[in-house]
Amino acid sequence: MKTYKLIHNLDFDVTRSVHDMAALFAYSPDRDSDTVLKVHYDGSCCQAVLYTGEKVQQSGAVTCAAGISGEITRCVKLAVLEVLTRFTGEQPRLPWGILTGVRPGKLAHKLLDGGMEPDQLPQYLLDKYLLPLQRGKLLKEICILQDKVLPYRKAVGIYIGIPYCPSKCTYCSFPSGIVPQDEESQQNFLNFIEQDIDSVVKLISMHSLNVSSLYIGGGTPTSLKEKVFARLMQCAAKKLFLPSVREFTVEAGRPDCFSAEKLRIMEDFGVSRISVNPQTLHDRTLRLIGRKHTAADFYRAYEIAAQSSIAVINTDLIVGLPGETAADIEYTLTEVAKLRPQNLTVHTLTLKKGAELFGSRPTLSALEAETVLDKGAQAAAATGMRPYYLYRQHYMLGQLANTGYALPGTESIYNIQMMEERHTVIGIGPSSATKVPLQDGHHLRKLNMPKNIATYTENLQQLAEKRRKLFEK
Ligand code: SF4
């Protein structure tokens, strides 16, 4: 294993940024390593030096422009990338250049808000961040589309997280638990969600917030028993489905806990968008990843959803599931596209530490995954969909991205609000996040609710108070 010890003279932490670059060359941090990576900033330039024993290599001096936030970090990354390229002789794949954050769209929006002409954006991102031109163009198009869909910056999104699922998917690192089978436990949990909703209702009224989207996700909210699910829907709809709400989404992702009755409940309470997710249409993969349903179950769930009054159906797919070849994924893509969902979200496999499959070797190479993702984009375009949001994650196969596609007019408002972090989002329930953008529209006040359900329920009052304070000027 290749390791390095980092030494730097910066007055802020660059460990993560350096590590992201070093990981491209399969280097891991180790404070006892004999290989030393030294990063030096002299007030205007960054330089990196790498040495081990007699072998020494250094980057050129990367000049940092003054007065731009994040500029020194950008220059550190470029210097580290250069020194490692020289030291190893390797040229790593950089599908997203040196952009390593979850939300590349945030940078693009920031540049456009700062007065950059949209047509200048792709070249700027290539020059400064080594971002391939076609991805810069994609970001430009997504930013323009998002501003059309959601021009009102004060539109608020509300998220309710139900942290239960019928079984645990082996690729999942989300802290959801298996849904308790007894109704009493489910109702008890819902008592806390109701309390949480009530404190958000007060917040909305106190600050005259304009709520534009309501999203019930998780986990899998439809894993609750019908009676409990109906109570959740009634409470959310009665208290939060305000006249200003333009979109009401329920994550009904798992076909193994979807039913005609739950669909009827969602229709009755005005749900306008649901997710029904196959992830793959291969039963052997579904078994491998711990989902207790078959492709046929997905088709059944999709069919009844398509016949309902719910206007928008989203389907999620994952590229890179264990044992799947490019041909397997293309089959799923083609078959799902034939159903003509209004939204399609193509994920790239991400195995974080909490996932059972963490550490396992992917079946697809990074290049194959990239090719399949391009085919996904083509399949979406062939049905008239456009990409409208994207995000990336650490540990993602091939450092690629997840992309949401939508038919014009069906783009999810909540997904844009959540991903671009330019709108207020209020989180209810364990693991949810409340984000309140500051005046500049690019920095946030934030509160993450605890992942642990007991910690959430035991501290709900204090947490609600902390959330309230985020809204104080
Ligand atoms: S359904 Fe979603 S949240 Fe639940 S275990 Fe599977 S991937 Fe995780």
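Computed from a predicted structure; not experimentally measured. (Residues numbered from 1 in each chain as written. Predicted model: local features only at pLDDT ≥ 70, side-chain atom pairs only at ≥ 80, totals over all residues.)

Trainee: How do you make sense of the pairing of strand β16 (residues 402-406) when you look at a structure like this?
Mentor: Walk down a regular strand and you will see the side chains alternate between the two sheet faces. Buried residues dominate β16, accounting for five of its five residues. Here β16 shows no split at all, with N402, G404 and A406 on one side and T403 and Y405 on the other all buried. Across four bridges, strand β14 (residues 343-348) lies against β16 in antiparallel orientation. Within β16, the residue paired with L344 across the bridge is Y405. Here strand β15 (residues 386-391) runs beside β16; their pairing, made up of five bridges, is antiparallel. Residue L390 lies in a different strand from β16, and its bridge partner there is T403. (Buried ≥ 20, exposed ≤ 12 C-beta atoms within 10 Å, placed from the backbone. Helix = DSSP H or I, 4+ residues; strand = E, 2+ residues; numbered from the N terminus. Pairing = 2+ DSSP bridges.)

Trainee: Hey, could you run me through the site of the ligand in this one?
Mentor: The environment of the ligand is made up of C165, K168, C169, C172, F174, S176, G219, T220, G253 and R254. Here the residues of the shell around the ligand are counted per class, giving four nonpolar, four polar and two charged. (Near = placed C-beta within 6 Å. Nonpolar A, V, L, I, M, F, W, Y, C, P; charged D, E, K, R; others polar.)

Trainee: Explanation requested: helix α3 (residues 104-113) in the structure shown.
Mentor: For an α-helix the count is 3.6 residues per turn, leaving residues at separations of three or four pointing the same way. Considered for burial, the residues of α3 that qualify are P104, G105, L107, A108, H109 and L111. Where the residues of α3 are buried, they touch α4 (121-129), α5 (133-149), β15 and α13 (413-420). (Contact = placed C-beta atoms within 7 Å.)

Trainee: Looking at this model, I keep getting lost on the nonpolar core. Mind explaining?
Mentor: As a rule of thumb, nonpolar side chains are buried together in soluble globular proteins. Counting 123 residues, the largest nonpolar core has A79, V80, I158, I274 and V276 as the members making the most contacts within it. Here this core gets 10 residues from one element, more than from any other, and that element is helix α2 (residues 71-88). If we skip the residues at most four places from it in the chain, A79 touches V39, C46, Q47, A48, S59 and V62. (Core = buried A, V, L, I, M, F, W, Y, C linked by C-beta atoms within 7 Å.)

Trainee: Would you take a moment to explain unusual backbone geometry for this structure?
Mentor: As a rule of thumb, non-glycine residues mostly have phi less than zero, and peptide bonds are mostly trans rather than cis. With omega at 20 degrees, the peptide bond leading from G218 into G219 counts as cis. Mapped onto the elements of the fold, G219 is located in the loop between β10 (210-218) and α7 (226-240). The phi angle at A26 is positive, at roughly 60 degrees, despite the residue not being glycine. Tracing the backbone shows A26 in the loop between α1 (15-23) and β2 (27-29). The backbone of R340 shows a phi angle near 60 degrees, a positive value even though the residue is not glycine. The topology assignment puts R340 in the loop between α11 (326-338) and β14. For R340, a count of 13 C-beta atoms within 10 Å puts it in the partly exposed group.

Trainee: Got a minute to help me understand the environment of L232 in this structure?
Mentor: Along the chain, L232 falls in helix α7. Given 24 C-beta atoms within a 10 Å radius, L232 is considered buried. Excluding residues within four positions of it along the chain, L232 makes contact with L190, I193, P221 and L224.

Trainee: Teacher, can you tell me more about the pairing of strand β19 (residues 444-448) here?
Mentor: Of the pairings in the sheet, the one linking strand β18 (residues 433-437) to β19 comprises five bridges and is antiparallel in character. When the bridges of β19 are listed, V436 appears paired with R445. Where β18 folds back onto β19 in an antiparallel hairpin, the turn is made up of six residues, including G441, whose phi is positive at roughly 80 degrees.

Trainee: Got a minute to help me understand the packing of α7 against helix α8 (residues 260-268) in this structure?
Mentor: Relative orientation and spacing of two packed helices are given, respectively, by the angle between their axes and the distance between those axes. Contact pair α7 / α8: the axes reach a minimum separation of 10 Å and the direction vectors enclose 15 degrees. Put simply, α7 runs roughly parallel to α8. The way α7 lies across α8 gives a crossing that is right-handed. Side by side, α7 and α8 meet where E226, F229, A230 and M233 of the first sit next to E261, K262, I265 and M266 of the second. When grouped by side-chain class, the residues that make up the contact of α7 with α8 number five nonpolar, no polar and three charged. (Axes fitted to C-alpha atoms, helices over the stretch in contact; angles between N-to-C directions. Parallel < 35°, antiparallel > 145°, perpendicular 65-115°, else oblique. Left-handed = near helix turned anticlockwise from the far one by under 90°.)

Trainee: Even after reading the chapter, I still don't get the packing of helix α6 (residues 183-206) against helix α15 (residues 460-470), so can you show me in this structure?
Mentor: Their axes nearest at 11 Å, the elements α6 and α15 cross at an angle of 25 degrees. On the basis of their axis angle, the class for α6 and α15 is roughly parallel. Crossing geometry of α6 relative to α15 is assigned as right-handed. In this structure, α6 uses F192, Q195, D196, S199 and L203 to contact α15, whose residues at the interface are L460, A464 and R468. Split into classes, the residues belonging to the contact of α6 with α15 amount to four nonpolar, two polar and two charged.

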